[in-house]
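# Inside the fold
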Amino acid sequence: MKDFWTSLASLMGVWAFCQSLLHTIFPPELRFAFLKIFYRIFNCFSVYCYYDITEIDGVNTNELYNAVQLYLSSTASNIGNRLSLTRGLNSSAITFGLSNNDRLVDVYDGVAVLWEHVVMQRQSQTFSWRPLPEDKRGFTLRVNKKDKSLILGSYLDFVVETANEVRRKNEDRLLYTNSRGGSLDSRGHPWESVPFKHPSTFETMAMDPQKKLQIMADLRDFTDGQSFYQRTGRAWKRGYLLYGPPGTGKSSMIAAMANFLRYDIYDLELTEVHTNGELRKLLMKTSSKSIIVIEDIDCSINLGNRKKGHASSQSCDVGPYPLDLPGGLNVGDEVRNVITLSGLLNFTDGLWSCCGSERIFVFTTNHIEKLDPALLRSGRMDMHICMSYCELSSVKILLKNYLGFEDGDLEEGALKELEKVVGKAKMTPADASEVLIKNRRDKEKAVRELVEELKRRVERNRNGGFKERDLLVGVQEQEEQEQEKRALESQKEVCHELEWNFKKGEEEVEKGDEEKVKMR
């Protein structure tokens, strides 16, 4: 045993002597050249090729590294043995990732690839304006040489698309508003945002199930239709018009669409926007995969039906000069707000509407008959969705949401009474929900109260239908008279202002002529 250790020590000494001799005879540059030639010979006989994806590309962050990290998180959670857990900014989801120097096998289109997360200590760096992390991180992709064209062609694109989808699902959705009109903040953004936490879904929406399925299918076709829109030469956008009485769930429908698609919402307040240019800037600052909403568009600005309002528009001349208002205004329009119908149409369907992709425009109104037909045509508002009063199917959904009634739980007598009166009551889902909320602790009482309220509304509609119809006609006539009166008053104000400016200009011209005469 003693001779063995003596021989081993002698061998170690000889190895150390030979190593020091090699380092002395062969300089580092020569050794590096030998290693480089060896790796080339090895790669010629190897069936694999390797690709390195570093975290830092020069001084900038490598976006492909972040995409690979997110993509592998969806696979690592299922097959990984040792994982790292992270939670990103503005995210409520936990992301799984590969641990340091760990490996993972992924399969794409029947081809197996190997990912390795390489982490090593970075060499000490000199002075830099942007200090680099202490660890040097990256991913190494090992691919069979015969599959190189497939991996470099479509696999990496698939990785980036999947990573974007994972990032969008993990991030909390945001609700944007233009509270400053079209002006920019210190960061150059015209929008302010808050987290969007609305719980409405299509499952809880109180409306006809067949109509909901139709809307959901249309939304799926839109999100999956990138190749279709490119092939047909259309901008990748779609418009929805939600119309109906107040309380029928138009805002809840918007929230359900956003939750279904996982899109952000841009709530555009037209009364805060003063020019068509500001409207265009707001559109340019919206992101893709978003819903742009204008609620109660008939009340925001004057976008009424031009056919109905044509008779009330009159021309106004001041002296020999015709009236020429800036921004495409007509006489009678408010000078403070110069957003025109043409500007809004270009916003939804013009060239500037194509500055992004995968956008949805949603307009809501209580009076569809007040909107101009140019705003309602296909290409701008592609799908018109009527949000109407409660039907039996919508009442069943409300009973399930608020009282927990499943199919078959409701008594046959109560179901027949509901079926008999719900179509004639003209009760909105908001009113029906309020009745159920007040009595949600007693399910039987809640159903009875709802049936009684429906009967009262049926009786009221039957007895007061003619009176309400006459009253409604009178209110409409009064509104039309008030609108004509306001138009004439604003027309007179504009005419007086232009006449005053004209007279002031003439006085300045006369003063200038007098000064010229004096100078002569």
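Above: the structure in question.
Not measured: the values here are computed from a predicted model. (Residues numbered from 1 in each chain as written. Predicted model: local features only at pLDDT ≥ 70, side-chain atom pairs only at ≥ 80, totals over all residues. Heavy atoms only, no water.)

### What to know about the pairing of strand β7 (residues 111-121)
Note the cut-off: Pairing between strands is defined by DSSP: at least two bridges between them are needed. Only DSSP runs of H or I with at least four residues qualify as helices, and only runs of E with at least two residues qualify as strands; both kinds are numbered from the N terminus onward.
Here strand β6 (residues 103-108) runs beside β7; their pairing, made up of 6 bridges, is antiparallel. Looking at the pairing, D106 lines up with V113 of β7. What sits between β6 and β7 in their antiparallel hairpin is a turn of 2 residues, with D109 showing a positive phi close to 55 degrees.

### Looking at the sheet that holds strand β8 (residues 135-144)
Worth spelling out the cut-off: To obtain each axis, a line is fitted to C-alpha atoms, and for helices this fit is confined to the stretch in contact; angles are then taken between N-to-C directions over 0 to 180 degrees.
Ordered by their spatial adjacency, 4 strands build an open sheet running β1-β8-β7-β6, and the pairing between neighbours is antiparallel. Where the open sheet ends on each side, the last strands, each with one partner, are β1 (48-54) and β6. Taking each pair of neighbouring strands and ignoring which way they run, the sheet shows an average axis angle of 25 degrees. Alignment of β7 against β8, held across 8 bridges, turns out to be antiparallel. Within β8, the position partnered with H117 by the bridge is F139.

### A short note on the nonpolar core
The cut-off we apply is this: In this text, buried Ala, Val, Leu, Ile, Met, Phe, Trp, Tyr and Cys residues form a nonpolar core when linked through side-chain atoms within 4.5 Å. Using a 1.4 Å probe on the protein chains alone, a residue whose accessible area is under 20% of its type maximum counts as buried, one over 50% counts as exposed, and one in between counts as partly exposed. For this analysis, residues touch if any pair of their heavy atoms sits within 4.5 Å.
Of all hydrophobic cores here, the largest spans 28 residues; its most connected members are M253, M257, I291, I360 and V362. Of all the secondary structure elements, the ones that give two or more residues to this core are α5 (209-223), β11 (237-243), α7 (250-261), β13 (290-294), β16 (359-365) and β17 (383-386). Broken down by element, the residue count for this core peaks at 7 residues, all from α7. Those residues in contact with V362 that sit more than four places away from it in its chain are Y240, L242, I254, M257, I291, I292, V293 and I294. By size, the runner-up hydrophobic cluster in this structure holds 26 residues, among which are Y266, F361, F363 and L371.

### Let's talk about the packing of aromatic side chains
Note the cut-off: Any two of the Phe, Tyr and Trp rings considered here, Trp counted by its six-membered ring, make a pair once their centres fall within 6.5 Å; the pair's planes then place it as stacked at under 30 degrees, edge-to-face at over 60, or tilted in between. Lysine and arginine charges are scored as sitting over a ring when NZ or CZ, respectively, is within 6 Å of the ring centre and within 35 degrees of the ring normal.
Applying the stated criterion across every chain yields a total of 13 aromatic pairs. Their ring planes at 10 degrees and their centres at 4.3 Å tell us that Y176 and Y266 sit as a pair that is stacked. Remark: Y266 occurs in strand β12 (residues 264-267) and Y176 occurs in strand β9 (residues 174-177); sequence separation between them is 90 residues. Residue classification places Y176 among the buried residues on the basis of a relative accessible area of 16%. Y266 sits in the buried class, given a relative accessible area of 3%. For the pair F202 and F260, a centre-to-centre distance of 5.6 Å together with 90 degrees between the ring planes defines the contact as edge-to-face. With F202 in the loop between β10 (192-195) and α5 and F260 in helix α7, this pair connects stretches of sequence that are 58 residues apart. The lysine or arginine in question, R142, covers the ring of Y48, its NZ or CZ lying 4.1 Å from the ring centre.

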